[in-house]
Amino acid sequence: KRTKDMERVEGLHLLKTISLHGRPYKEAICKSYGVEHISNCLSNSNSQKVQLASQQLLNELARGNPNYQEQVYRGFVQLLGVPLPNAQRLAANSLRDLQPLVSSVHPSIVANLMTMLRCLQLEVQEEAFALTKLLISLGKKDVILESLVSLLKPQVHAAAENTFQVVKEHDINDTGAVPWHVQQAASARLILILCRGKDGHEIATHLLQLNVAEWLLVALGNLHWMDSRSQAAKALKVGIMSCLSCLKLYHILRWV
């Protein structure tokens, strides 16, 4: 297996060298189903060297290659949803550069992006947060905020299904967490970050209209995952309350 990984890395580096000779060579690679095969290398390999070489080649194929730039973009969007944290991280990293160059935002990108919040690895979550901020700046604020609030809600049945498989894939089987617990905590943390940002007051007001306060209180009562309680408390205290412009939250909290 190690030999095969080394061969893949060498092959990917060779294709990148060829692609550096210009657009005709990039188009020739893409016409030979190159984007599909390279994306499969990134999504199916556990070797970080193979994954990194695949990402670098896809990045190169997306530059100066307008006929196939959208295809590379769609490939990265699909990679956001694969159950390999490093592949997700690399895809999100590339999309931060590629998204502003394409004509529109892919309809599946937000849903796929939200799956990255299931991962406990901070570097994966940080890439997800950075891409989220970019998408908000590109007009996807409403769907992103709705998705974040939705992730605060208990998802017992969804979490119970394939729990052991997903937990193992994300290296959190020893923590007692299930994926939606991690998502819930990450969602609360991202809400806090957004409320502290440039348009924090506007975002907090929008979130209150989506009943975020009630669902942060639900996360605050999650006895199975301490990080959910911690992040929800911070989001309520620092994020929402500091930007509050109405008495709605006060009427909720005074009964708690």
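Summary of the structure given here.

Conventions and cut-offs
Residues numbered from 1 in each chain as written. Predicted model: local features only at pLDDT ≥ 70, side-chain atom pairs only at ≥ 80, totals over all residues. Heavy atoms only, no water. Helix = DSSP H or I, 4+ residues; strand = E, 2+ residues; numbered from the N terminus. Buried < 20%, exposed > 50% of the residue type's maximum accessible area, 1.4 Å probe, protein only. Contact = heavy atoms within 4.5 Å. Areas by Shrake-Rupley, 256 points an atom, 1.4 Å probe, with all protein chains shown as cover. Polar contact = N/O pair within 3.5 Å; in protein donor to acceptor, adjacent residues only side chain to side chain. Patch = residues over 30% accessible without salt bridge, like charges linked within 9 Å, V, L, I, M, F, W, Y side chains within 5 Å. Salt bridge = Lys/Arg side-chain N within 4 Å of Asp/Glu carboxyl O. Axes fitted to C-alpha atoms, helices over the stretch in contact; angles between N-to-C directions. Parallel < 35°, antiparallel > 145°, perpendicular 65-115°, else oblique. Nonpolar A, V, L, I, M, F, W, Y, C, P; charged D, E, K, R; others polar. Core = buried A, V, L, I, M, F, W, Y, C linked by side-chain atoms within 4.5 Å. Arc of directions from axis to C-beta.

**As for the overall build of the chain**
Then, number 1: Looking only at helices and strands, one finds 15 helices and zero strands in the chain.
Then, number 2: Burial analysis of the chain (256 residues in total) assigns 49% to the buried set.
Then, number 3: Across the chain, contacts joining residues at least 24 apart in sequence account for 73% of those joining residues at least 6 apart.
Then, number 4: For the chain, the exposed area adds up to about 13,200 Å²; of that, 53% sits on carbon and sulfur atoms.

**With respect to the environment of Pro154**
Then, number 1: For Pro154, the position within the fold is in the loop between helix 8 (122–152) and helix 9 (156–160).
Then, number 2: Judged by its relative accessible area of 43%, Pro154 falls in the partly exposed class.
Then, number 3: Separated by 65 residues in sequence, Pro154 and Ala219 place their C-alpha atoms 8.2 Å apart.
Then, number 4: If near-sequence neighbours (up to four positions away) are discounted, Pro154 is found in contact with Trp180, Trp215 and Val218.

**Structural notes on the side chain of Gln51**
Then, number 1: Looking at the element boundaries, Gln51 is found in helix 4 (residues 48–62).
Then, number 2: Given a relative accessible area of 2%, Gln51 falls into the buried group.
Then, number 3: For Gln51, the residues in contact, after removing those within four places along its chain, are Leu42, Ser45, Asn46, Leu84, Asn86, Ala87 and Leu90.

**Some remarks on the side chain of Asn222**
Then, number 1: For Asn222, the location among the structural elements is in the loop between helix 13 (212–220) and helix 14 (226–240).
Then, number 2: Side-chain polar atoms of Asn222 contact the side chain of Gln184, separated by 2.8 Å.
Then, number 3: A polar contact of 3.5 Å, which involves the side chain of Asn222, links it to the backbone nitrogen of Trp225.

**Considering a nonpolar patch on the surface**
Then, number 1: Together, Leu14, Ile18 and Tyr25 make up an exposed nonpolar region whose accessible area comes to about 290 Å².
Then, number 2: Summarising the element assignment, Tyr25 is placed in helix 2 (residues 23–31).

**Points about the pattern of salt bridges**
Then, number 1: The tally for this structure, following the rule as stated, stands at seven salt bridges.
Then, number 2: When the shortest N-O distance is used, the salt bridge between Asp5 and Arg8 registers 3.1 Å. Of this pair, Asp5 and Arg8 both sit in helix 1 (residues 2–19), three residues apart, which is roughly one turn of the helix.
Then, number 3: Its relative accessible area of 16% is what places Asp5 among the buried residues.

**A closer look at the packing of helix 11 (residues 179–196) against helix 12 (residues 200–209)**
Then, number 1: For the pair helix 11 and helix 12, interaxial distance at closest approach is 6 Å and the crossing angle is 135°. Our classification of the angle between helix 11 and helix 12 gives oblique. Contacts from Ile191, Leu194 and Cys195 of helix 11 reach helix 12 at Gly200, Ile203, Ala204 and Leu207.
Then, number 2: Each residue belonging to the contact of helix 11 with helix 12 can be placed in one class, and the counts come to six nonpolar, one polar and no charged.

**Considering the nonpolar core**
Then, number 1: Within the largest apolar cluster, 69 residues are counted, with the highest numbers of intra-cluster contacts made by Phe76, Leu80, Ile109 and Leu148.
Then, number 2: Ignoring any residue separated from it by four or fewer positions in sequence, one finds Ile109 in contact with Tyr73, Val77, Leu80, Leu95, Gln99 and Leu135.

**Here we look at helix 12**
Then, number 1: Among the residues of helix 12, Gly200, Ile203, Ala204, His206, Leu207 and Leu208 are the ones counted as buried.
Then, number 2: Remark: Asn211 follows helix 12 within two positions and exhibits a positive phi of approximately 65°.

**Section: helix 2**
Then, number 1: For helix 2, the set of buried residues is Lys26, Glu27, Ile29 and Cys30. When helix 2 is viewed along its axis, its buried side chains cluster within an angular range of 160° and face the same direction. Exposed positions of helix 2 whose direction lies more than 90 degrees from the buried face are Pro24 and Lys31.
Then, number 2: Immediately beyond the C-terminal end of helix 2, within one or two residues, lies Tyr33, with a positive phi of roughly 60°.

These values are about where atoms sit, not about what they do.
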